[in-house]
Amino acid sequence: MSLSVRSPGAPESAPRNAAPSSSELLEFVRRTAADASLVASLQLDPEGRTWVRLDGPGGSEAWLIGWPPGTGTGWHDHGGSHGAFAAAAGTLREESLAARIPTEGWKTLELADGVDRARELTAGRGRAFGAHHVHQVLNQSADEHAVSVHAYYPPLPMMRRYSRTGAVLRLEQVERPEEWL
Ligand SMILES: [Fe+2]
């Protein structure tokens, strides 16, 4: 038998080291995206993406990322981490799949009709995503840089990268953190 003792009137709160939820990560990325001086401190490069690592809440991995016009991530997952991201400047388009994709045991997969989703994130707008989310993020502007804030928990253990031809998704690569350095 165990007894749980709490002093009368003590507030009930989550343990201090609880894993941050997707909504907490969303709150963090939206608040950080609204930090004009931080966003302005990111160096922008017209030739490619730029990034700065941030301190995410509760041990999460967080990044401030600059996207020149015409850049994008390609299709990927987050290796089982959940997360959130928010635009801080410009507009990002997110294309995602409204279907649970098996993580193992296949090389190509034909997507069913109707699983594609797309949304535009203008400055100040964000979204949270679950551990099995597959998406790509793009700056489709012809002339405007975009800046965004991203957070993942647990810190990304790996990412699966996919190519896509029509309805067919193909696993191309599994990236591990040591390959990003
Ligand atoms: Fe992503």
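Quick notes on the rules
- Residues numbered from 1 in each chain as written.
- Predicted model: local features only at pLDDT ≥ 70, side-chain atom pairs only at ≥ 80, totals over all residues.
- Heavy atoms only, no water.
- Salt bridge = Lys/Arg side-chain N within 4 Å of Asp/Glu carboxyl O.
- Helix = DSSP H or I, 4+ residues; strand = E, 2+ residues; numbered from the N terminus.
- Buried < 20%, exposed > 50% of the residue type's maximum accessible area, 1.4 Å probe, protein only.
- Phe/Tyr/Trp six-rings, centres within 6.5 Å; stacked < 30°, edge-to-face > 60°.
- Lys NZ or Arg CZ within 6 Å of the ring centre and 35° of its normal.

Novice: How should the pattern of salt bridges be read in this particular structure?
Specialist: For side chains of opposite charge, pairing can occur when their charged atoms come near one another. In this structure the tally under the stated criterion is 9 salt bridges. Among the ionic pairs, Arg160 bridges to Asp77, the shortest N-O distance being 2.7 Å. Pair noted here: Arg160 is in strand S11 (residues 159-165) and Asp77 is in the loop between strand S3 (75-76) and strand S4 (82-89), with a separation of 83 residues, a long-range link. Neither Arg160 nor Asp77 differs from the other in exposure class; each is buried. Between Arg93 and Glu95 there is a salt bridge; the shortest N-O distance is 2.7 Å.

Novice: Explain the packing of aromatic side chains to me, please; I cannot follow it from the model alone.
Specialist: The final tally for this structure, using the stated rule, is 3 aromatic pairs. Ring geometry for Trp106 against Tyr162: centres 5.6 Å apart, planes inclined by 5°, an arrangement best described as stacked. Highlighted residues: Trp106 in the loop between strand S5 (91-97) and strand S6 (108-110) and Tyr162 in strand S11, separated in sequence by 56 residues. Chaining the aromatic ring pairs together yields one cluster made of Phe85, Phe129 and Tyr152. In this structure, Arg49 is placed above the aromatic ring of Trp67, and the distance from its NZ or CZ to the ring centre is 4.9 Å.

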